[in-house]
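# Coordinates in review
In case you want the letters, here they are:
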Amino acid sequence: MENNNPSLFDAAAPESAADLALALAPSAATGHFDELRGATSKRPVATQKLPAGAQSGQVQNPPPGPLGIAGQSQAQSQGQGQTQSQSQSQSIEPLATTPPEAQAELAPAWNAFFTQLGANGFSDLNHRNANLQRLIRDNGVTYNVYADADGPQRPWALDLFPMLLTPQDWVSIEAGVAQRARLLDRIMADVYSAQELPRLGLLPAALVQGHPGYLRPMHGSQPAGGKFLHIAAFDLARGPDGNWWVVSQRTQAPSGLGYLLENRLSISMQFPEAFREMNVQRLAGSYRALVDGMKAACPMQDVNTGEPRIVLLTPGPYNETYFEHAYLARYLGLTLVEGSDLMVRDDRLFLKTLQGLEPVHGILKRLDDEFLDPLELRSDSTLGVPGLLQVIRAGNVLVANSPGSAFLESPALLGFLPALSEHLLGEKLALPSLATWWCGEQAALQSVLPQLKDCVIKPTYPASGLPSVIGQTLSRAKLDEWAGRIMRHGEDYTVQAYLPLSQTPTWQGEKMAPCSAMVRVFAVSDGQNSWQVLPGGLARLAGKNENIASMQHGGSSADVWALGATPAPFSAPASAATASLNAPALPAIATLPPLRKKRAVTSRAAEHLFWLGRYTERAENSVRLAQLTLQSLSGDDQSSQPLLAWLSAMAVNNALVVPTVPPATQAKRVFERSLIANLADMTQAASVGYSLHALKNAASAVRERLSQEQWKTIVHAEAEFFTRCKKISSAADKGRQGAAYSTQEALRALDGASAFLAAMTGAQTDRMMRDDGWRLLSIGRHIERLNTLASALMLGFETGAAEDDSGFAAIVALFDSTITFHAQYQQRRDTVALLDLLVLDRDNPRSIAWVTQTLRARLAKLEGTDLGQMAALAMNLPDPGSWTLTDLYGASDSTSDRTASQPHERLQRQLERCAVSALELSDLISRRYFSHASSGSHSLGA
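These notes cover the structure that comes with them. (Residues numbered from 1 in each chain as written. Predicted model: local features only at pLDDT ≥ 70, side-chain atom pairs only at ≥ 80, totals over all residues. Heavy atoms only, no water.)

## Here's the deal with the packing of aromatic side chains
What counts, and what does not: The rule is short: rings of Phe, Tyr and Trp, with Trp giving its six-membered ring, pair when the centres are within 6.5 Å, and they are stacked under 30 degrees, edge-to-face over 60, tilted in between. Remark: exposure states derive from per-residue accessible area (1.4 Å probe, protein chains only) relative to the maximum for the residue type, with buried under 20%, exposed over 50%, and partly exposed in between. Here a helix means four or more residues in a row that DSSP labels H or I, a strand means two or more in a row labelled E, and each is numbered from the N terminus. Consider the ring centre and the ring normal. A charge sits over the ring if Lys NZ or Arg CZ is within 6 Å of that centre and within 35 degrees of that normal.
Overall, the coordinates contain 26 aromatic pairs when judged by the stated rule. Plain terms: the ring middles of F114 and F122 are 5.8 Å apart, the flat faces sit at 25° to each other, and that makes the pair stacked. We note that F114, like F122, is buried. Look at F323 and Y327: their rings are 5.4 Å apart centre to centre, the planes differ by 35°, and that puts the pair in the tilted class. Separated by 4 residues within a single helix, F323 and Y327 lie in helix 11 (residues 322–332), roughly one turn from each other. Here R485 stacks its cationic end above the ring of W482, 4.5 Å away from the centre of that ring.

Dropping the structure here:
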């Protein structure tokens, strides 16, 4: 058959990655700006085969139909400074498009990017993408679409290719965003003080006092530092005319700063040469400016460190962006807190720590305003701090951003910004915005109703729960229904022009495909009236068959590279003598603030660390016991009745089997099958699966304190164990046709969990700062160990297993002391040797004496008691220094005071005391450090 497409099929293979990109990448959909080619697409490009020799790529048809954004911006055309009433009377004009045909070459920035890949760059893209996805999983980057506490966390979606902004693009974006941030701060200052803007008719009162985000309790208050906003986010989109348009703005608790940073770190690792050679502007300086600006604005400082204490307030681990909260807190060096970590006393805010109440001077909040204070806002909120608004009104704490900014997020407000800018700043807005009509004004309503088909209908008050609707997707009948709703409740609706989003290249399963994108850009305050714009941003890519670029609608993200101007040529450094003359004088060491600062440990974080320790130890003990039980039931010792009785009692005590299951002494196979079936049973409060899941939950609540490697180990341990157990369960279901539970598969699952738990123990022991939080983690582990081992030894003597050869070996194995026992006692099997190693040996970290003395030492350090003095919490713990073989058991088996009915009475009493005191200690710690029940009641500021 004759080939009628000579341009691609007859050509030789492209010589560079840039040529290959141009050949492989389809044009953007009709009417959308093509970021790759730097021009508006006039028509789709048909699917074409690769030229001979091209590597793993296929040209893909562009998405059918137009992709655009539900406009969330204001009525301002390019270069216009109209008021809302002026823009409402105009009809929607078609957006301008670039007149030439689609360019036959890449935009310069993209040409430079692909050139950096080299001649064989495309052959490596799949490998780079696999590395990227693995990095996202290993770093635990998540975004929970529905914030489902019981559902799996969704890995963060990040595309391989960055979105590129030229220096010219960035200069205009940076100036426009900084200007808008200044404007919003001025608007908020007026609304919460003189309210001159509503009186002059520049801002309708319905969009201020009528907005649920306007907080009347904050009216008349002046924020600490005099600044209402410290962070502002703006969603931008490039239209078919090639210009950038403001789509929406976020001021309440804008998300994305953490994901933006993670995106940058991940993508720059995939393209290090391009990142270096293209002079991508760095982000770190803007984050430092944010923290420094907040510190400078805080009303006071800590008396010990000379710096204000700033915390990051999060709704908690079930929030969809909790990863970002923990990531930002760790990166910025802030304490991550929940509302329950804070309390108000005498119009001041305090952090509840293990050492008592410590003052808080600043809050970077990631919590919506309505949940901040249950006393004055939502009374059902459990996320906020009672009395917080009073502290803010008193000027005793800085909050970024100041509560009450939600009204600034209304799309209806955007139409009034041009006039507001001229009035407040004396400037026209630098960035254009979409035409916007607030239907609460009759003229705007009458003007926009005939044009609904070409617009987007948005709720004026986003918290109202009303949907956003794109007119092009509605039938004539549906449009009439919406017109009726708008006529009846015009103030509830805002109508905006529809904007086809520009499309940027993405890498999707060995294909290049254009994808509609919207960019979120952040401005941060670095001074009283100064703003810094983060160079770059967070690009959100529209999902499949979606008209809105949104992560909640299944979209993905991309890094945004703001390219700087060509770097200045290198010049030789000045001589050492000249440099020393020009260098600023260093301050004297005596004048420098102290560098060592003790990290505050909140009561909530301490509690989660405590339970992290307990669940880690509990999981280790359960795994070891389950391994020992399955091996014994299938080994040479399965005929030992004392051993089977001890294993059955231990399995019931540790919830590995339910009490109704017949013991192994009566039905070994039923007992074995029940144990295997319950390994991953989430209804059993101490099953291996339950402990691993609880361990991960406790770790997720203190994720900012854990290394990436430690968190990765925890996540993989749970995932791998449940995957293996699911296979065992599937085999059991088939067992009805002849297959049986696989003991070997269960042992393999337990072996894997044991290896992960050993890694966790190593990380907890050697890779965590030994502050009070770590001490509580260690105390939690040793409380769990003391209770488990003391109970195990008690049952060993009660069932006779300790005096049976097989039972003796099993008890030593459960104490993880088999190698040590054989090295010290060879083949002895007497009780004296058993007690010497498992109870009295203070060099054996699994002995009861070692665990007890370690607990006492940790408690003394936690309470800060003097050397040699006993901690108050340790009063009920037995003193292993007073234990002797004679006191516990007797010098020999023929000791006269041993009776036939109670041969180990003194030993049993001491073991029982150890187990009971461990549980009592847990309760004492909870009351003193976590619930503060022993510290009396705390009053709130009036």
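## A closer look at the sheet that holds strand 9 (residues 335–337)
Sheet strands associate in pairs through backbone hydrogen bonding, adopting either a parallel or an antiparallel arrangement. Defined as follows: The pairing criterion for strands is at least two bridges between them, as found by DSSP. Structural elements are reduced to axes, namely lines fitted to C-alpha atoms, with helices fitted over the stretch in contact, and the angle between N-to-C directions of any two is expressed from 0 to 180 degrees.
Pairing in this open sheet of 4 strands is parallel, and the strands run 9-8-13-14 from one edge to the other. Where the open sheet ends on each side, the last strands, each with one partner, are strand 9 and strand 14 (398–400). On average, each strand axis in the sheet is tilted by 25° relative to the strand beside it, whichever way the strands run. Examined bridge by bridge, strand 8 (residues 310–313) and strand 9 share 3 bridges and lie parallel to one another.

## Some words on the side chain of N844
Selection rule: When checking whether two residues touch, look at their non-hydrogen atoms; a contact exists if any pair is within 4.5 Å.
With respect to the helices and strands, the residue N844 is situated in the loop between helix 26 (831–840) and helix 27 (848–863). The exposure class assigned to N844 is buried, which follows from its relative accessible area of 7%. If near-sequence neighbours (up to four positions away) are discounted, N844 is found in contact with S817, L837, L838 and W850.

## Concerning the nonpolar core
Stated formally: Take the buried Ala, Val, Leu, Ile, Met, Phe, Trp, Tyr and Cys residues and link them wherever side-chain atoms come within 4.5 Å; each set so joined is a nonpolar core.
Of all hydrophobic cores here, the largest spans 105 residues; its most connected members are W646, L793, I848 and I925. Counting 75 residues, the second-largest nonpolar core is a separate cluster that includes V191, I392, V521 and A562.

## Observations regarding unusual backbone geometry
The omega torsion of the bond from A400 to N401 falls at 0°, within 30 degrees of zero and hence cis. In this structure, N401 sits in the loop between strand 14 and helix 13 (417–424). For Q195, which is not glycine, the phi dihedral falls at a positive 55°. Inspection of the secondary structure assignment puts Q195 in the loop between helix 6 (167–191) and helix 7 (196–199). According to the relative accessible area criterion, Q195 is buried, its value standing at 15%. Not every positive phi belongs to a glycine, and A655 is a case in point at roughly 60°. Note that A655 resides in the loop between helix 18 (641–653) and helix 19 (668–677). A relative accessible area of 16% means that A655 is categorised as buried.

## Section: the side chain of D185
Spelled out, the test is: A residue counts as positive if it is Lys or Arg and as negative if it is Asp or Glu; His and the chain ends are not included. Between Lys or Arg on one side and Asp or Glu on the other, a salt bridge is scored when a side-chain nitrogen of the former is within 4 Å of a carboxyl oxygen of the latter.
Along the chain, the position of D185 falls in helix 6. No salt bridge is formed by the buried D185. Its closest oppositely charged neighbour is K227, at 4.4 Å.

## Section: the packing of helix 5 (residues 125–138) against helix 8 (residues 257–270)
Applied cut-off: Here is the rule for angles: anything less than 35 degrees is roughly parallel, anything more than 145 is roughly antiparallel, 65 through 115 is roughly perpendicular, and the remaining ranges are oblique. Should the near helix be turned anticlockwise from the far one by less than a right angle, the crossing is left-handed, and should it be turned clockwise, the crossing is right-handed.
With their axes 10 Å apart at the nearest point, helix 5 and helix 8 run at an angle of 150° to one another. The orientation of helix 5 relative to helix 8 falls into the category roughly antiparallel. Note on packing geometry: the crossing formed by helix 5 with helix 8 is right-handed. In this structure, helix 5 uses R128, N131, L132, L135 and I136 to contact helix 8, whose residues at the interface are S266, I267, M269 and Q270.

## A look at the pairing of strand 13 (residues 362–365)
Spelled out, the test is: Here is how to tell: hold the view so the strands point away, follow the path from the first strand over the helix to the second, and if it runs clockwise the crossover is right-handed.
Side-chain alternation along strand 13 places G362 and L364 on one buried face and I363 and K365 on a second face that is also buried. The sheet contact formed by strand 13 and strand 14 spans 3 bridges and is parallel. When the bridges of strand 14 are listed, L364 appears paired with A400. With respect to chirality, the unit in which strand 13 leads through helix 12 (residues 388–393) into the neighbouring parallel strand 14 is right-handed.

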